[in-house]
There are 2 protein chains.
Amino acid sequence: MTELLNQITTLSTADIAAPIGFHADGQHVGLKHKSKDLGWIYSDVIASVAGVFTTNLVQAAPVQLDKKTIRNGQLQAIIVNSGNANAVTGSIGVSHAESMQEFTAQQLNIDTSLVGVASTGIIGKVLPIDKIINGIKQLKIDGDTNGFAHAIMTTDTKEKSITIQSTIQGKIVTMSGVAKGSGMLHPNMATMLGFITTDINIDAKLLQQALSEDVETSFNQITIDGDTSTNDTVLVMANGLAGHKMIENHTAEYEQFKDMLHTVTTALSIAIANDGEGATKLIAVAVNHAQSALDARMVAKKIVGSSLVKTAIFGKDPNWGRIIAAIGASNVDLNPNLIDISINKIAVLVNGAPADFNADTMAEKLEEHDIHIDVDLHAGTESGCAWGSDLTYEYVKINALYTT
Amino acid sequence: MTELLNQITTLSTADIAAPIGFHADGQHVGLKHKSKDLGWIYSDVIASVAGVFTTNLVQAAPVQLDKKTIRNGQLQAIIVNSGNANAVTGSIGVSHAESMQEFTAQQLNIDTSLVGVASTGIIGKVLPIDKIINGIKQLKIDGDTNGFAHAIMTTDTKEKSITIQSTIQGKIVTMSGVAKGSGMLHPNMATMLGFITTDINIDAKLLQQALSEDVETSFNQITIDGDTSTNDTVLVMANGLAGHKMIENHTAEYEQFKDMLHTVTTALSIAIANDGEGATKLIAVAVNHAQSALDARMVAKKIVGSSLVKTAIFGKDPNWGRIIAAIGASNVDLNPNLIDISINKIAVLVNGAPADFNADTMAEKLEEHDIHIDVDLHAGTESGCAWGSDLTYEYVKINALYTT
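Residues numbered from 1 in each chain as written. Chains lettered and ligands numbered in written order. Predicted model: local features only at pLDDT ≥ 70, side-chain atom pairs only at ≥ 80, totals over all residues. Heavy atoms only, no water.

(A) Quick peek at the pairing of strand β16 (residues 382-389) of chain A. Residues and elements named next belong to chain A. Looking at chain direction, strand β9 (residues 222-223) and β16 are connected through two bridges and run parallel. Residue pairing in the sheet places Thr223 in a bridge with Gly388 of β16. Strand direction decides the pairing type here: strand β11 (residues 282-290) and β16, joined by seven bridges, are antiparallel. By the bridge assignment, Leu282 is partnered in β16 with Ser389. (Pairing = 2+ DSSP bridges. Helix = DSSP H or I, 4+ residues; strand = E, 2+ residues; numbered from the N terminus.)

(B) Summary view of the packing of aromatic side chains. Residue and element names in this part refer to chain B. Evaluation of the coordinates by the stated rule reveals five aromatic pairs over all chains. Aromatic side chains Phe148 and Phe195 sit 5.7 Å apart centroid to centroid with 70° between the ring planes, which places their arrangement in the edge-to-face category. Within this pair, whereas Phe148 is found in helix α4 (residues 145-151), its partner Phe195 is found in strand β8 (residues 193-198), the two being separated by 47 residues in sequence. The two residues Phe148 and Phe195 agree in class, both being buried. Residues Phe314 and Tyr393 carry aromatic rings whose centres are separated by 5.4 Å and whose planes lie at 90° to one another, so their mutual orientation is edge-to-face. Here Tyr393 lies in helix α11 (residues 393-400) and Phe314 lies in helix α8 (residues 307-314), a separation of 79 residues in the sequence. Using a relative accessible area of 27% as the deciding quantity, one classes Tyr393 as partly exposed. (Phe/Tyr/Trp six-rings, centres within 6.5 Å; stacked < 30°, edge-to-face > 60°. Buried < 20%, exposed > 50% of the residue type's maximum accessible area, 1.4 Å probe, protein only.)

(C) Inspection of the domain arrangement of chain A at higher detail. Residue and element names in this part refer to chain A. One can read the domain layout of chain A as domain 1 (3-274) and domain 2 (282-400). A straight line from the C-alpha centre of domain 1 to that of domain 2 covers 31 Å. Domain 1 puts 16 residues into the contact, and the matching count from domain 2 is 16 residues. With both chains or domains summed, domain 1 and domain 2 bury close to 1300 Å², and 54% of this area falls on carbon and sulfur atoms. Applying the counting criterion to the domain 1 and domain 2 interface returns zero salt bridges. If you look at where domain 1 meets domain 2, you find six residue pairs in polar contact (both at pLDDT 80 or more). Elements supplying a minimum of two residues to the side of domain 1 that touches domain 2: β9 and α6 (252-274). With five residues, α6 is the largest single contributor of residues to the side of domain 1 that touches domain 2. By residue class, the composition of the side of domain 1 that touches domain 2 is six nonpolar, eight polar and two charged. (Domains from an automatic or database assignment. Contact = heavy atoms within 4.5 Å. Buried area = accessible area lost by both parts, 1.4 Å probe. Salt bridge = Lys/Arg side-chain N within 4 Å of Asp/Glu carboxyl O. Polar contact = N/O pair within 3.5 Å; in protein donor to acceptor, adjacent residues only side chain to side chain. Nonpolar A, V, L, I, M, F, W, Y, C, P; charged D, E, K, R; others polar.)

(D) Structural detail: the UniProt feature "active site" (unreviewed entry) in chain A. All names here are of chain A. When the UniProt feature table is mapped onto this chain, "active site" (unreviewed entry) is found at Thr191. With respect to the helices and strands, Thr191 occurs in the loop between β7 (171-180) and β8 (193-198). Exposure remark for Thr191: the relative accessible area of 1% places this residue in the buried category. (UniProt positions renumbered as here; feature names shortened; annotations may be inferred.)

(E) Structural view of the pairing of strand β12 (residues 340-343) of chain B. Residue and element names in this part refer to chain B. Burial of the side chains of β12 extends over both faces: Asp340 and Ser342 are buried on one face and Ile341 and Ile343 on the other. Here β12 runs beside strand β15 (residues 370-376); their pairing, made up of four bridges, is antiparallel. Bridging from a neighbouring strand, Ile343 pairs with Ile373 of β15. The sheet contact formed by β12 and strand β13 (residues 346-350) spans three bridges and is antiparallel.

(F) Highlighting a nonpolar patch on the surface. All names here are of chain A. On the surface, a nonpolar cluster with roughly 210 Å² of combined accessible area is contributed by Ile20, Val45 and Leu241. Following the sequence through the fold, Val45 ends up in strand β3 (residues 38-53). Assessed through its relative accessible area of 31%, Val45 is described here as partly exposed. (Patch = residues over 30% accessible without salt bridge, like charges linked within 9 Å, V, L, I, M, F, W, Y side chains within 5 Å. Areas by Shrake-Rupley, 256 points an atom, 1.4 Å probe, with all protein chains shown as cover.)

(G) Molecular detail of a negative patch on the surface. The grouping of Asp360(A), Glu364(A), Glu368(A) and Asp370(A) at the surface amounts to a negative patch. With respect to the helices, strands and loops of the structure, Glu364(A) is situated in helix α10 (residues 359-365). (Lys, Arg positive; Asp, Glu negative; His and termini not counted. Charge placed at Lys NZ, Arg CZ, Asp CG, Glu CD.)

(H) Structural view of the sheet that holds strand β16 (residues 382-389) of chain B. Residue and element names in this part refer to chain B. With mixed pairing, seven strands are arranged side by side in an open sheet as β9-β16-β11-β15-β12-β13-β14. Looking at which strands have only one partner, the edges of the open sheet turn out to be β9 (222-223) and β14 (353-354). Against the sheet, α8 makes contact with β9, β11 (282-290), β15 and β16, and its axis sits at roughly 135° relative to β15, the strand it touches most. Lying over the sheet, helix α9 (residues 320-328) contacts β12, β13, β14 and β15, oriented at roughly 135° with respect to β12. (Axes fitted to C-alpha atoms, helices over the stretch in contact; angles between N-to-C directions.)

(I) Summary view of the packing of helix α1 (residues 61-69) of chain B against helix α2 (residues 90-108) of chain B. All names here are of chain B. Running from N to C, α1 and α2 point in directions that differ by 55°, and their axes come no closer than 8 Å. Overall, the two elements α1 and α2 adopt an arrangement that is oblique. Judged by the sense of rotation from one axis to the other, the crossing of α1 with α2 is right-handed. Only Gly93, Val94, Ala97, Glu98 and Gln101 of α2 make contact with α1, whose side of the interface consists of Ala61, Pro62, Gln64, Leu65 and Thr69. Class assignment of the residues belonging to the contact of α1 with α2 gives a composition of five nonpolar, four polar and one charged. (Parallel < 35°, antiparallel > 145°, perpendicular 65-115°, else oblique. Left-handed = near helix turned anticlockwise from the far one by under 90°.)

(J) Structural context of the UniProt feature "binding site: substrate" (unreviewed entry) in chain A. Residues and elements named next belong to chain A. Taking the UniProt record as the reference, the feature "binding site: substrate" (unreviewed entry) is found at Thr154, Lys180, Thr191, Glu277, Asn399 and Thr404. Take Glu277: it is sitting in the loop between α6 and β11. Given the relative accessible area of 4%, Glu277 is considered buried. Position of Asn399 relative to the elements: it lies in helix α11 (residues 393-400). Residue Asn399 is classed as buried on the basis of its relative accessible area of 1%.

(K) Here's a closer look at α9(B). Across the nine residues of α9(B), nine count as buried, placing the element largely inside the fold. The complete set of buried residues in α9(B) reads Trp320(B), Gly321(B), Arg322(B), Ile323(B), Ile324(B), Ala325(B), Ala326(B), Ile327(B) and Gly328(B).

(L) Representation of the environment of Lys365(A). Residue and element names in this part refer to chain A. Mapping Lys365 onto the fold places it in helix α10. Looking at Lys365, the relative accessible area reads 27%, which means it is partly exposed. In this structure, the C-alpha to C-alpha distance between Lys365 and Gly90, residues 275 residues apart in sequence, is 50 Å. Excluding residues that lie within four positions of it along the chain, Lys365 makes contacts with Asn344, Ile346 and Ile371.

(M) A look at the pattern of salt bridges. In total, this model carries 14 salt bridges over all chains according to the counting rule given. Salt-bridge contacts for Lys36(A) lead to Asp144(A); the nearest nitrogen and oxygen are separated by 3.1 Å. Residue Lys36(A) is located in the loop between β2 (22-27) and β3, and its partner Asp144(A) is located in the loop between α3 (129-138) and α4 (145-151); the two are separated by 108 residues in the primary sequence. Note on Lys36(A): relative accessible area 23%, which makes it partly exposed. Asp156(B) is the salt-bridge partner of Lys160(B), the closest N and O atoms lying 2.8 Å from each other.

(N) Seen up close, the sheet that holds β9(A). All names here are of chain A. Read across the open sheet, the seven strands follow the order β9-β16-β11-β15-β12-β13-β14; overall the sheet is mixed. Bordering the open sheet on either side are β9 and β14 (353-354), each of which pairs with just one other strand. Of the strands in this sheet, β9, β11 and β16 touch α6, which is tilted by about 40° from β16. Relative to the sheet, helix α7 (residues 293-305) contacts β9, β11, β15 (370-376) and β16, its axis offset from that of β16 by approximately 20°.

(O) Spotlight on unusual backbone geometry. All names here are of chain B. The phi angle at Asn109 is positive, at roughly 60°, despite the residue not being glycine. Here the phi dihedral of Lys345 falls at roughly 75°; this positive angle occurs in a residue that is not glycine. For Lys345, the location among the structural elements is in the loop between β12 and β13.

Here's what the structure looks like:
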């Protein structure tokens, strides 16, 4: 993060089609009962593309297809459905993902190899491909751009989107992102999807470098269930229409691009954590003075992923014992006797020893929606964050009370 | 597991003092409100000892002490309290653990270096050492032997103990074990403790080899929260009073000893999983035809540790999508298209594709208390198991509704 971040403005209205030359639509086409379930993003010109995908060995058909598609570094459109993940669907699933790609390309009159595909929803059920083909016919190039963010939702209770602007070489540049949550649910699983559009001019290789690096500190640092899904996908399209010269590696412009990307990915990550299934609280963990950034992230993620910490926060219990136990279980080499922990700025552990705190003040702090757990390892100079939500009755209910 | 296992008999009454020359007591001495909270085990003669301890970097004072104590391979007594874990208690905690050790040695008139110490209960609170010293005075060598299993309990709802017998070289040999659960709770955390006594004649080195190997397939394969605690301890004492010749490595007797040990550790592991906090069901996962035993165990443990699988089982949902997703997230190299999954003997996935099953029959099976998930990876010849419990409202309640 550099001082250039100060030059980034978040627009009051988010729109995935806000960057120059982007278009989008999102409609209900019958995959879900009532809500929007099919959408696309289209760019007037071929865009550079970068992608990151689930590390789960069980990968849905659209994930397998996208990995091939983006190898040439170019994309012009993305088609996404919710309601069915097209995962664990065998060879028919692969051919359905290809059909989505081909039919979208036909409708937009572009090459098949320029279309990305994503699906989310129930797994193990054959995709109702006819509904999707008919649905694609209904999509407009300039349609309900806000509808796209809704069309990718499954158990999400809130739309997750952001649009930011800055300037590069005197040109206004715009970046937008939409995402859906990683909670897994009804009836088998949902997944985490993220799509980012920008009119910045950057080649695919550098875009991929920036994205791969960025997700380590953003999307990979959220955890709702601690599991990866079969469909997790993040795609970034950069079409270059902002009109500045192509961004080169090792330049101030590249640093600024990375700052913008991180602003978008972090905002989406926090929005996802904040909307965890059944969540009543956002848990944001910051680990400071670690020996390495990886150490810091591992400790932060272990805390935010601990069922015991998550239930304690739901119960408004400043249970630092569970936090220190999670830190100790993180597989990071550290000295427990140096560790400080605070919860919403109130110290609960100092130099590895329990700190006295005012129970009433703490009780008030734990009523807040955002719970910040700050950990100082006193072991180095690096930092890292992770985000999650509390573990609630509602989480159990949502995930238990469905019968396949 | 060999055919010798057939020669092992489980006694109808378990007793940690059943092996020749062992004695025990368990009493209430005021650490907890009403229930038993202090106990010991004593052997007439010095026993070989082996131990395994938590891998958490934050280790309670008694764990630190025991690691030193058992280095010489000998132990004659173990003193255990519940109600307070003596963890994150700094240097005073270390001196308190030493006081427990010294005073127990005095009372039993044995060398200090022959006494193991274990604590479980609240963390971060100074041990009420006076109550413990006074309590040790109340313990009898031949006291309430069944009381020992109760004195180590925290949130456990059931006593966990087993006694088995077999013969070695014509001599009857006896092995007993007691354990307490790994659920973590009120107000900070509990822990997993296990103590095993036997009159078998085996040296400390071979005993440690057998134990270290065994826990990989027993205690390390249970998960309630997925976290390790600050106090996890397993100690085995073998005093040799059964009267057979010392067991040597690479012999049938050693194989039989390992079978007996595994019978005890597995029974205790399943008892712990079965008594997970708020649990309504035992989940037993068996993974077969893996490339390696480690692969099998990793896959099994990932399934049984998945919050999504655990909530599905609570909800009586045959949600194989979550099971296959957990398998894919296990970091084991496998081919998803070869995998079979069954739930209580009903196939739900065959060759990586959904299987048709009778919903009514499945619904009946999911009413059962024990849920067996069998996975066939079709990748090799090795197997592994893991045990856990479901994730319930009650788990959230137990872990949320305490305010420190």
